[in-house]
Amino acid sequence: MRRTAFTSDWQFRPKADAFAELTGGGGAWHPVTLPHDATLTRERDAAENSRTGYFPGGTFEYRKRFAVPAEQAAQRTLLEFEGVYRSAMVYVNGSLAATCAGGYTGFVVPLDDFLRYGADNEVRVVCRNEADSRWYAGAGIHRPVHLVVGEPVHVALDGVHVTTLEADAEYALLEVATRVENAGPRLATRELVAELRDDAGAVVAADRVPVSVLPGEPAVVRQRLTVVRPALWGPDSPALHTATVTLRDGDRTGDDAEVTVGIRTITVDPHRGLRINGEPVLLRGACVHSDNGVLGAATIDRADERRVELLHAAGFNAIRSAHNPVSRAVLEACDRLGVLVMDELADMWTESKSDLDAALTFPEWWERELEALVRKDRNHPSVVMYSIGNEIPDVGKPHGAIWSRRLAERVRELDGTRLVTNGVNGMLAVMDQLAEMRQSATAAEGGINTMLTDMSAVMGQLAASPLVGDRTAEAFGTLDVAGMNYMDTRYELDREAFPNRVIVGSETFPAQIDRLWRLVRDNPHVIGDFTWTGWDYLGEAGIGRVSDRTDDPTPQFSGPYPWLTAWCGDIDVTGVRRPQSHYREIVFGRRSEPFLAVQRPELSGRALGRTPWSWTDAVGSWSWAGADGTDLLVEVYSDAEEVELLLDGRSLGTAPAGEAHRFRAEFTVAYAPGELTAVARTGGEETGRSTLRTASGPVGLVASADRDAVRADDTDLAFVEIALADAAGTVALGVDRQVRVAVDGPAVLQGLGSGAPVTEESYLDDVHTTFDGRALAVVRPTGAGAVTVTVTAEGCEPAVVRVQAG
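This report concerns the structure included in the present document. (Residues numbered from 1 in each chain as written. Predicted model: local features only at pLDDT ≥ 70, side-chain atom pairs only at ≥ 80, totals over all residues. Heavy atoms only, no water.)

Considerations on the overall build of the chain
For the record, the criterion: Secondary structure elements follow DSSP: runs of H or I of four or more residues count as helices, runs of E of two or more count as strands, with numbering from the N terminus. Within these notes, the globule rule equals 2.2 Å times the number of residues to the 0.38 power, and the radius of gyration is based on C-alpha atoms. Buried, partly exposed and exposed residues are distinguished by accessible area as a fraction of the type maximum, computed with a 1.4 Å probe on protein chains only: under 20%, between the cut-offs, and over 50%, respectively. Each accessible area is a Shrake-Rupley result for a 1.4 Å probe, and residues are judged covered by the shown protein chains and nothing else.
Within the chain one finds 13 helices and 48 strands. In terms of C-alpha radius of gyration, the chain reaches 27 Å, essentially the compact-globule figure of 28 Å for 806 residues. C-alpha extents for the chain along the principal axes are approximately 85 × 65 × 55 Å. Here the chain holds 806 residues, and 59% of them are scored as buried. In the structure as shown, the chain presents an accessible area of about 31,100 Å², 48% of it carried by carbon and sulfur atoms.

Set out below in structure tokens:
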């Protein structure tokens, strides 16, 4: 069946009831191009919840009118939604045609019985976001939509499944399973041709077989293909192949389908860890939420692709979708780049974490949502693990273990080639006993009452307890890999207690990566670490903030309004790497040059409070307007034995670094403009150096696009990075100002913002204030032609960027 983009010429508004429509109070419709996030159009309010970034919920509706030719009545017609948040109700020509409870689940609407052929038609979608998420989920038709049309005898939508049965350097054996459907009135016989092509387009294997299909009784055709000297897919060499299946009716070519696949094998055991094609792999992982920063929850293909590219460039080789099924665009990017994926089903099963969350519908919808997840993922070589949940309170109880087994076994029935895990949090698994423990624990020796002021410590102590070991044993026993959220105190314990258990750190505190990575390297049964988080995200506002203890003596889980982002990502919401990203790269052994980070002058000399998800809030800059003479803490990250710090060539001293000192050296330096240089040495020999320079002279606007040319369709975007910099390109801090962006040509300004975690500005305006001297404009093409982006700011010459859409 053929997919056609169905994303243009939609209209949107807050939902109006029938009575409001009768009295003229329904509200105006606004044109939109999908994917779209309705929540971004709402005003933030301090009275709302920090978990959603202080955005309110709401009910929204979308509509699109389209013509259907009369001859299409002889074909099958479907409407495919990749994701609607949430509780979607789809009406076609005024009649309810489908519903879907999940906000990230792909679903299909059969249109045949609802369409008016040879006439205009209307599809209308109603969706809701009401106290149903622990983070910013957005709302609306936030993922792509496709119109799908096929012949009566056709390959089912997503009906091709390619499995690697065996693979080595000499041969690979693949199975191509194709589901053929017959919507006609009588039995039909076709010839099914399967071909596998390499990345150059050459056919490397093929097979053909007849298939007879009864009406309403699908036929699954299994064909085995042998590939000689196959190009294998792996993290370091992600070779892709294309599998094409074609239905032939005599000399006529009927329906066909094409999927991109990779030839690779996955094995795991507690002695050799995770292996791809027999080669050991340690997962350098990032947990990633689904929002796209200044675009909100809108899942536009290029935004997801760019995010994977930047995460990969920062040293990550794996991502965990937190805490919902990831988009197709992310999977396609991961396939291309060799990034491994843990794709996650849900954040709750039967016990709610928010008033109206998915626990209300999970018992009824779980199987459909799980089937949709596997159907989406099963041909993507990047997907190595399915996670059936995140921090599910149920797992510490017998009925929770039953759910765990039910889910894990259903995954294996659908796709037995990948691993099954679950992100278990020991504290949540025994939450029902925490009150009793608090009453019985003594304050001495760091008892529970004392430790509750430090979530990191209490999680670690609880995770190592016999209580958690016993209460999670059955749930872990249903899995191939035990996913442990903040349970690293169990890693070495379980080597003895559960010698056959394989562990992955499915969620960990970012500031502890040096210690955690050593545990991964020293314990073969621990196959990797996924930090919270690789990319900053909207909502859970301020969980990673650094604050002055005078104003905030005991930092709570969230920040007060107008905090917007979590501020715990290695990379901010615009794609700028923060210091912890470079630190992590050094810990991973992927960077030999030291990295310099400087504490903000406004925090100098203050007692600072942090949460377990905080970094130090230092910045990679030595350009601080108005800070002359202020003592600044300089952090130098390095794997070398020692680091020397120089200011304008004058030594400020030497300090030990390397793993024994947590890859970090610290200096206190009175700020003065100039060049700050860190020189790393091991055994007296220089291993690398880095320099920060103060911006000098007039500060101007600098703007550049990530690419000079983009596709002339609504799946692509141009990301225009904006900076306040001197003539040498050094970004100036302490001089932030508003920038205005104008777009001329066949394109629109899709979003404008900065990495600022605290702001009241909207990403939908054409004016935004820079943060640490930077901002980001996202431009979406509407057709072919030259696009001009002009950036202006007070006291600066305009910066102009040109992009060709074609």
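Re the packing of aromatic side chains
Here is the rule we go by: Side-chain rings of Phe, Tyr and Trp (the six-membered ring for Trp) are treated as a pair once their centres are within 6.5 Å; stacked means planes under 30 degrees apart, edge-to-face means over 60, and tilted covers the remaining angles. Look at NZ for Lys and CZ for Arg. If either is within 6 Å of the ring centre and within 35 degrees of the ring normal, a charge sits over the ring.
Summed over the entire model, instances satisfying the criterion amount to 22 aromatic pairs. For the ring pair Phe362 and Trp403, a centre distance of 5.6 Å and an interplane angle of 55° mean the geometry is tilted. Note that Phe362 is positioned in helix H4 (residues 362-377) and Trp403 in helix H5 (residues 398-414), a separation of 41 residues in sequence. Accessibility expressed as a relative area gives 2% for Phe362, which makes it buried. With relative accessibility at 13%, the residue Trp403 sits in the buried group. Through successive ring pairs, a cluster of aromatic residues spans Tyr583, Phe595, Trp615, Tyr637 and Phe663. The positively charged end of Arg124 is found above the aromatic ring belonging to Tyr91, 4.5 Å away from the centroid. If you follow Arg368 out to its NZ or CZ, it ends over the ring of Trp365, 3.7 Å from the centre.

What about the nonpolar core?
Note the cut-off: In this description, a nonpolar core means a group of buried Ala, Val, Leu, Ile, Met, Phe, Trp, Tyr and Cys residues linked to one another through side-chain atoms lying within 4.5 Å. Two residues qualify as a contact provided that any one of their heavy atoms is within 4.5 Å of a heavy atom in the partner residue.
Membership of the largest hydrophobic core comes to 96 residues, with the highest contact counts inside it found for Leu283 and Trp532. In contact with Leu283, not counting residues within four places along its chain, are Leu274, Asn317, Ala318, Leu340, Met385, Val504, Trp517, Ile527, Gly528, Asp529 and Phe530. Formed by 33 residues, the second largest nonpolar core is a distinct cluster that contains Phe12, Val125, Cys127 and Trp365.

Observations concerning the layout of surface pockets
Quick reminder of the rule: In the cavity and pocket records, a cavity denotes points on a 1 Å grid over the protein atoms alone where a 1.4 Å probe fits but cannot get out, a pocket denotes an open set with protein on both sides within 12 Å along at least 5 of 7 lines, and lining residues are residues with an atom within 4 Å of a point. Grid points are joined across faces, edges and corners, and a volume is the space filled by probe spheres set on the points. Three residue categories are used. Nonpolar comprises Ala, Val, Leu, Ile, Met, Phe, Trp, Tyr, Cys and Pro, charged comprises Asp, Glu, Lys and Arg, and polar comprises the others, including Gly.
Taken as a whole, the largest pocket encloses approximately 950 Å³ of empty space. Lining the largest pocket are 34 residues, with Arg3, Asp158, Glu258, Arg328 and Glu332 sitting closest to its centre. Breaking the lining of the largest pocket down by element, the ones donating at least two residues are strand S1 (2-5), strand S10 (145-150), strand S11 (153-167), strand S19 (252-261), helix H3 (328-337) and H4. For the lining of the largest pocket, the element with the highest residue contribution is S11, accounting for six residues. When grouped by side-chain class, the residues that make up the lining of the largest pocket number 14 nonpolar, seven polar and 13 charged. Considering the residues around the second largest pocket, the lining is formed by 38 residues, among which Leu157, Asp158, Gly159, Arg375 and Arg378 are closest to the centre.

Examining the pattern of salt bridges
The following threshold applies: A carboxyl oxygen of Asp or Glu within 4 Å of a side-chain nitrogen of Lys or Arg is what we treat as a salt bridge.
Under the defined criterion, the tally for this structure stands at 63 salt bridges. Close ionic contact of Arg2 with Asp256 constitutes a salt bridge, the shortest N to O distance being 2.9 Å. With a gap of 254 residues between them, Arg2 in strand S1 and Asp256 in strand S19 connect regions that are remote in the sequence. A salt bridge links Asp713 to Arg711, with the nearest nitrogen and oxygen atoms 3.5 Å apart. Asp713 gets classed as partly exposed once you look at its relative accessible area, which sits at 29%. Assessed through its relative accessible area of 36%, Arg711 is described here as partly exposed. Counted as one network, the salt bridges with shared partners bring together Arg302, Glu305, Glu309, Arg336, Asp706, Arg707, Arg711, Asp713 and Asp716.

Quick word on the side chain of Thr246
Considering the arrangement of structural elements, one finds Thr246 in strand S18 (residues 241-249). Leave out the neighbours within four places in its chain, and Thr246 touches Glu191, Leu192, Val193, Thr253, Asp255 and Asp256.

Details of the sheet that holds strand S20 (residues 266-269)
Our working definition: A pair of strands is treated as paired once DSSP finds two or more bridges between them.
As summarised here, the arrangement of the three strands in space is S20-S21-S22, forming an open sheet in which the pairing is antiparallel. Looking at which strands have only one partner, the edges of the open sheet turn out to be S20 and strand S22 (279-280). Note: S20 against strand S21 (residues 273-276), four bridges, orientation antiparallel. Paired with Thr267 across the two strands is Arg275, which belongs to S21.

Some points on empty space enclosed by the protein
Under the counting rule described, the total for this entry stands at six cavities of 30 Å³ or more. Size it by volume and the largest cavity reaches roughly 240 Å³. Along the walls of the largest cavity sit 20 residues, with Arg86, Gly103, Tyr104, Met348 and Ala358 positioned nearest its centre. Residue composition of the lining of the largest cavity, grouped by class: eight nonpolar, seven polar and five charged.

Quick notes on the packing of helix H2 (residues 301-313) against H3
To keep it simple, the criterion reads: Axes here refer to lines fitted to C-alpha atoms; in helices the fit is confined to the stretch in contact. Angles between the N-to-C directions go from 0 to 180 degrees. Here the angle decides the label: under 35 degrees means roughly parallel, over 145 means roughly antiparallel, 65 to 115 means roughly perpendicular, and every other value means oblique. Each crossing gets its hand from how the near helix is turned against the far one by less than a right angle, where anticlockwise is left-handed and clockwise is right-handed.
Interaxial distance between H2 and H3 falls to 8 Å at its minimum, and their mutual angle equals 40°. As judged from the angle between their axes, H2 and H3 are oblique. Classified by chirality, the crossing of H3 by H2 is right-handed. When H2 is examined against H3, the residues Asp301, Asp304, Glu305, Val308, Glu309 and His312 are found in contact with a partner set consisting of Ala329, Val330, Ala333, Cys334, Arg336 and Leu337. For the contact of H2 with H3, the per-class residue count stands at six nonpolar, one polar and five charged.

Looking at the sheet that holds strand S38 (residues 675-682)
Sheet strands associate in pairs through backbone hydrogen bonding, adopting either a parallel or an antiparallel arrangement. Read from one edge to the other, the open sheet built from four strands follows the order S36-S35-S38-S39, with strand pairing classed as antiparallel. One side of each edge strand has no neighbouring strand; the edge strands of this open sheet are strand S36 (650-656) and strand S39 (685-693). Each strand of the sheet is rotated relative to its neighbour by a mean of 20°, with strand direction disregarded. With eight bridges joining them, S38 and S39 adopt antiparallel strand pairing. Note on S39: the bridge partner recorded for Arg681 is Glu686.

Points about the environment of Val326
Considering the arrangement of structural elements, one finds Val326 in the loop between strand S24 (318-321) and H3. As a C-alpha pair, Val326 and Gly184 span 142 residues in sequence and 35 Å in three-dimensional space. Among residues more than four places away in sequence, those in contact with Val326 are Arg143, Ser321, Leu331, Asp343 and Lys376.

So, the side chain of Arg63
Rules: By the counting scheme adopted, Arg and Lys are positive, Glu and Asp are negative, and His together with the chain ends is not counted.
Its place among the elements puts Arg63 in strand S4 (residues 58-68). One buried charge, Arg63, has no salt-bridge partner; the nearest side chain with opposite charge is Glu122, at 4.3 Å. Setting aside anything within four residues of it in sequence, one finds Arg63 in contact with Asp9, Trp10, Gln11, Trp29, Glu122, Val123 and Arg124.

What about helix H13 (residues 579-587)?
Burial within H13 is extensive, with nine of its nine residues counted as buried. Taken together, the buried positions of H13 are occupied by Pro579, Gln580, Ser581, His582, Tyr583, Arg584, Glu585, Ile586 and Val587. Lining the buried residues of H13 we find H2, helix H12 (513-522), strand S30 (526-531), strand S32 (595-598), strand S34 (631-637) and strand S37 (664-670).

As for the pairing of strand S8 (residues 107-110)
Two faces make up the sheet, and in a regular strand the side chains alternate between them. Covered by surrounding structure in S8 are Phe107 and Val109 only, the residues Val108 and Pro110 on the alternate face being uncovered. In this structure, strand S5 (residues 76-81) lies alongside S8, joined through four bridges in antiparallel fashion. Each bridged residue has a counterpart across the sheet, and for Leu78 the counterpart in S8 is Pro110.

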